[in-house]
Every structure is written in C-alpha cells, then in structure tokens.
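These are the residues of each chain, in order.
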Amino acid sequence: MERDLDHVGRIMAQWAVERPDLDVAPQGIIGRLTRLAQHLDEELTVVYRSFGLGEGEFDVLATLRRSGEPFELTPGGLAASTMVSSGAVTKRVDRCLGKGWVTRRVSELDGRGRVVALTPAGRALIDEAFEAHMANEQRLVEGLGDLGRSRLAHLLETWGRALDA
C-alpha cells in the first residue's frame, strides 16, 4: 500500500505510526503545495531563461506591460504590483536598464520621484516571452481538465483571501 503513496503520503503514513495522536492531514495540502511550487518554479524559469530573463526581470517587464499605455510605473508602483521590496525592485530595474529593456527618468509630476518605462525592445521581448510563458502554464495545468482547473483556482483564491484577512 505504501508504494501507491506519493512522497507526501509516505511522510504522512510514517507520522501516523510515530505520532498517531496528531492529525497530520494539513501536510497533505501544504506539503504537496510546497513540492508543487518548487516543481513549478523550475518549469517556469526554464522559459524565462530561454529569453535571457530571470524571474525578477520577467516580473518587472510583465508588470510594466500589463499596466497599459504608456507602460510605465513609479518604483513604488512596481513594488506594489510585484509584491517585493523597493530594494528588490531597484535591483531588478537596474538589471533591466543594463539590457536596454527599460528606461528610468525623473517624474514630470514630482522632481524627486522616478518613473520606469518599457523600451520598444523591452515590450517586444515581454510580448514574446509572455506568449511562451502562457503556453508553458497551459501545459503545466492541462492534466487537471477544465473543471479541475476551475475548482482548484477557486479553492486557492478562497484560501488566499482567508490567509490575507
């Protein structure tokens, strides 16, 4: 029977023997999500790398692109949209600047502020990379079927909202 279990299932079975007084059922969710996140991260970064991007650069370019015309944000806006610190945004933007994918200029509204904008080369790159990224994500979830994907997305949204509250 233990051969039919996945990695997390085997761990849970061992704990059930060693600590039958504890309910280890949450490991069935959290342990599997952790393993899936690691696997997905590996699968996603392969596509980013094929375009010469790291995850951080992809995130900056995608955030600027999805912001709409004129495809520019303040560093604070980037930090809020990417959920990383302003220091991490600065490093990411600096790498993108060095590759010619973005520009950084003084804000016309606030002389102390800065604005980060996609260059035409950055826009072309992220448009192509995002198409490949979406094809990759489709491949990664195709085994769930339409109903499974919908149910899982709903459950994850519900759980995320509960944790955020």
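Residues numbered from 1 in each chain as written. Predicted model: local features only at pLDDT ≥ 70, side-chain atom pairs only at ≥ 80, totals over all residues. Heavy atoms only, no water.

**Concerning the overall build of the protein chain**
The cut-off we apply is this: The numbering of helices and of strands both runs from the N terminus, where a helix is a DSSP run of H or I of at least 4 residues and a strand a run of E of at least 2. Note that the radius of gyration is over C-alpha atoms, with the globule rule given as 2.2 Å times the number of residues to the power 0.38. We call two residues contacting when some pair of their heavy atoms lies within 4.5 Å. In this description, accessible areas are obtained by the Shrake-Rupley approach with a 1.4 Å probe, and a residue is regarded as covered only by the protein chains that are shown. Under the counting rule used here, the positive set is Lys and Arg, the negative set is Asp and Glu, and His together with the chain ends is not counted. By convention, the point assigned to a charge is CZ for Arg, NZ for Lys, CD for Glu and CG for Asp.
When helices and strands are counted, the protein chain shows seven helices and three strands. In the protein chain, the succession of α and β elements from N to C terminus is α-α-α-β-α-α-β-β-α-α. Over its C-alpha trace the protein chain gives a radius of gyration of 21 Å, far above what one expects of a compact globule, namely 15 Å for 165 residues. Projected onto its principal axes, the C-alpha coordinates of the protein chain cover approximately 65 × 30 × 30 Å. Sequence-distant contacts, at least 24 apart, represent 50% of the contacts inside the protein chain between residues at least 6 apart. Working note: accessible area of the protein chain is about 11100 Å², and carbon and sulfur atoms make up 57% of it. Averaging the locations of the 21 positively and 25 negatively charged side chains of the protein chain gives two centres separated by 4 Å.

**Concerning the pattern of salt bridges**
What counts here: Each reported salt bridge corresponds to a side-chain nitrogen of Lys or Arg within 4 Å of a carboxyl oxygen of Asp or Glu. Buried means the residue's accessible area, taken with a 1.4 Å probe over protein chains only, is under 20% of the maximum for its type, while exposed means over 50%, and partly exposed covers the values in between.
For the coordinates displayed, the defined rule picks out twelve salt bridges. Here Asp-6 ties to Arg-32 by a salt bridge, and the two come within 2.7 Å at their closest N and O atoms. Separated by 26 residues along the polypeptide, Asp-6 in the segment before α1 (7–18) and Arg-32 in helix α2 (residues 25–50) bring together distant segments of the chain. Two residues, Asp-59 and Arg-92, come together in a salt bridge whose shortest N-O distance is 3.0 Å. Taken together, the residues Asp-59 in helix α3 (residues 55–66) and Arg-92 in helix α5 (residues 86–99) connect sequence positions 33 residues apart. Look at Arg-92 and you get buried, because its relative accessible area is 15%. One continuous salt-bridge network, built from bridges that share partners, spans Arg-65, Glu-69, Arg-123 and Asp-127.

**Thoughts on the packing of α1 against α2**
Operational definition: With axes taken as lines fitted to C-alpha atoms, and helix axes fitted only over the stretch in contact, angles between N-to-C directions fall between 0 and 180 degrees. These descriptions rest on fixed angle ranges, namely under 35 degrees for roughly parallel, over 145 for roughly antiparallel, 65 to 115 for roughly perpendicular, and the rest for oblique. Less than a right angle of anticlockwise turn of the near helix away from the far helix marks a crossing as left-handed, whereas a clockwise turn marks it as right-handed. Throughout this entry, Asp, Glu, Lys and Arg are counted as charged residues, while Ala, Val, Leu, Ile, Met, Phe, Trp, Tyr, Cys and Pro are counted as nonpolar. The remaining residues, Gly among them, count as polar.
Between α1 and α2, whose axes approach to 9 Å, the crossing angle comes to 150 degrees. Judged by the inter-axis angle, α1 sits roughly antiparallel to α2. Relative to α2, the crossing made by α1 is right-handed. Residue-level contacts link His-7, Val-8, Gly-9, Ile-11, Met-12 and Trp-15 of α1 to Ala-25, Gln-27, Gly-28, Gly-31, Arg-32 and Arg-35 of α2. Here the contact of α1 with α2 is composed, by residue class, of five nonpolar, five polar and two charged.

**Let's talk about the sheet that holds strand β1 (residues 72–73)**
We apply this condition: Here, any two strands with at least 2 DSSP bridges between them count as paired.
Across the sheet, which stays open at both edges, the three strands sit in the order β1-β3-β2 with antiparallel pairing between neighbours. Strand pairing shows two members of the sheet lacking a second neighbour, β1 and β2 (102–106), which therefore form its edges. One ladder, built from five bridges, connects β2 with strand β3 (residues 114–118); its direction is antiparallel. Residue pairing in the sheet places Val-102 in a bridge with Leu-118 of β3.

**Here's the deal with the nonpolar core**
Keep this limit in mind: For the purposes of this section, nonpolar cores are sets of buried Ala, Val, Leu, Ile, Met, Phe, Trp, Tyr and Cys residues that join through side-chain atoms within 4.5 Å.
Leu-53, Leu-61 and Val-102 are the most contacted members of the largest nonpolar core, which totals 23 residues. For this core, the secondary structure elements donating two or more residues are α2, α3, α4 (75–82), α5, β3 and α6 (120–141). Looking at this core element by element, the count peaks at five residues for α3. Not counting residues within four places of it along the chain, the set of residues in contact with Val-102 comprises Leu-61, Leu-64, Val-93, Cys-96, Leu-97, Val-116, Ala-117, Leu-118 and Thr-119.

**Brief notes about α3**
Under the convention used in this document: In this scheme, a helix's expected span is set at 1.5 Å multiplied by one less than its residue total.
The terminal C-alpha atoms of α3 lie 16 Å apart, and with twelve residues this matches the ideal 16 Å at 1.5 Å per residue to within 8%. Buried residues of α3: Gly-56, Glu-57, Phe-58, Val-60, Leu-61, Ala-62, Thr-63 and Leu-64, and no others. After α3 finishes, the residue Gly-68 shows a positive phi value of roughly 85 degrees.

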